[in-house]
Each structure stands twice: as C-alpha cells, then as structure tokens.
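Summary of the model geometry
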Amino acid sequence: MNEISVINLSGELRADSRTFAPKMDIRHRQLMDNIRKYKSKFEELGLLPFETEAVEEDGARGIKYQQYALLNEDQAYFLLTLSRNTDAVVSAKLALVKAFRNARGQIATNEVARMEGKIARLEETGAIRELVQYATDQGSQSAKMYYVNITKMTNKLLGIETGKRDTLPADVLSKIGMVEKMVDITLRDGMKAGLPYKQIYELAKERSQQLIPLLPQ
C-alpha cells in the first residue's frame, strides 16, 4: 500500500503531494488543480514550494514534466478538507497523521543519537589529545595527525563519506558512537599500560575492526 511521504526540508516537515493521490483514490493532476485553485489559501499557512520532475509515460513520446507540491503539515490537512470524506479520504487522513507523527519521532530519535554521539566524540577527542602528548613525549614529530587519522579510520570502517556525519540516521550515528567509545577505551588502556604510541594506535584500529561485525545490522 502506498504511504504518504514526509521529508525534512530545511528543518521543516513537508509532505509530497504525489503520495496523496493514490491514498485518496484520485489522479494527482486533479489534486494539483485544487492546490492551484486555492493557492492563496495554502500560502496563508506557509510557503508553498513546487517542484518539477521529469517522468516517462507509457505510450507517450519524449519526456514529460510533472509538477508537485511539498506541503507543510497544516497545508496537508487543509488539502484533505477540500475532498469529501470517502473511505479513501478518511484513510488518507489517518495515513497523514501517522506520517507526520513518525517523521517527528524519527527526528527526535536522530537528535538523541546525535547528542549521544557528541558525548562519545568529546570523550574520544580527550583520549586522542592525551595520546598526542603521550606520542610527542616519546619523540613523535607528527602526533597531531592522530586527530585526522582516527576520524578517517572510523569513517572508512563504517563506509561514511567525509563531511556527511550531520546527515546520518540514528542507527549509523549509534554505530559511530560505539566505535569511538572503543577507540577511547583502547587509547586510555594502552597509555595506562605504557605501550609504545604506534602500538596503541594499531591496537585501537584492530579492536575497532573486530567490533564492526558485532554492530547491529
């Protein structure tokens, strides 16, 4: 069954009008006609962004362009009030409530994971800072590279692109936190045991690699 799609657009939840039509058992073109007809009313409830997508239609020549709207929560509910309460429309209203509720829940989950990740990152950074001084005391001339090298190591192990951490979902953020906690513990244990700094780094790398298959999939 088709579900109403809700996305986070620049910090605001928006519903894709294309996913309304199947739930309401009407054509998307008819739905867009209603949005254009009452455009000024929709705009009283917030900005009304339109997007255009190239689509291929069976039996049609060339590429067709479909316009759709990204509606905020109030606009989405207003759109549904413009149709009489058939079984399909009632079902769409329920789906809309669930879609926005789930989207808000996901945002909250991601925020919690992001905060926990920041704490794990802060603790790991503290351990790296100690390792840098530890390695420098042992004669290293490039100990500060451990900040970059350990981050690159974590990203590589988890298949994360550089600079993408702020856009990651909660499950991936949780995995990052687990790896960073492992690094934190290993660095501190290694320094406490008086191991050579290079061996400590290799040990942190080895333990992180061993951790990856044990993480939730």
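Since the structure is predicted, the reported quantities are computational estimates derived from the model, not experimental observations.

Reading guide: rules and limits
Residues numbered from 1 in each chain as written. Predicted model: local features only at pLDDT ≥ 70, side-chain atom pairs only at ≥ 80, totals over all residues. Heavy atoms only, no water. Salt bridge = Lys/Arg side-chain N within 4 Å of Asp/Glu carboxyl O. Buried < 20%, exposed > 50% of the residue type's maximum accessible area, 1.4 Å probe, protein only. Core = buried A, V, L, I, M, F, W, Y, C linked by side-chain atoms within 4.5 Å. Helix = DSSP H or I, 4+ residues; strand = E, 2+ residues; numbered from the N terminus. Contact = heavy atoms within 4.5 Å. Axes fitted to C-alpha atoms, helices over the stretch in contact; angles between N-to-C directions. Parallel < 35°, antiparallel > 145°, perpendicular 65-115°, else oblique. Left-handed = near helix turned anticlockwise from the far one by under 90°. Nonpolar A, V, L, I, M, F, W, Y, C, P; charged D, E, K, R; others polar. Pairing = 2+ DSSP bridges.

**Looking at the pattern of salt bridges**
For the structure on display, the rule yields 13 salt bridges. Linking R14 and E12 is a salt bridge whose minimum nitrogen-to-oxygen distance equals 3.0 Å. The buried category is assigned to R14, whose relative accessible area is 4%. Each of E123, E130, K181, D184 and R188 takes part in one network of salt bridges that share partners.

**As for the nonpolar core**
In this structure, L131, Y146, I150, L158, I176, V179 and L187 are the most contacted members of the largest nonpolar core, which totals 29 residues. Listed by contribution, the elements that provide at least two residues to this core are α5 (87-137), α6 (145-158), α7 (170-192) and α8 (197-211). For this core, the leading source of residues is α7, giving eight residues. Contact partners of L158, with chain neighbours within four places excluded, come to K175, I176, V179, I212 and L215.

**Quick look at the packing of α5 against α7**
As a packed pair, α5 and α7 sit with axes 8 Å apart at the nearest point and diverge in direction by 20°. Here α5 is positioned roughly parallel relative to α7, judged by the angle of their axes. The handedness of the crossing between α5 and α7 is left-handed. Taken together, the residues of the contact of α5 with α7 sort by class into 11 nonpolar, seven polar and nine charged.

**Examining the pairing of strand β4 (residues 64-71)**
Pairing between strand β2 (residues 12-16) and β4: two bridges, direction antiparallel. When the bridges of β4 are listed, A15 appears paired with L71. Where strand β3 (residues 50-55) meets β4, six bridges bridge the pair, whose relative direction is antiparallel. Opposite T52, over in β4, you have Q67 as the bridge partner.

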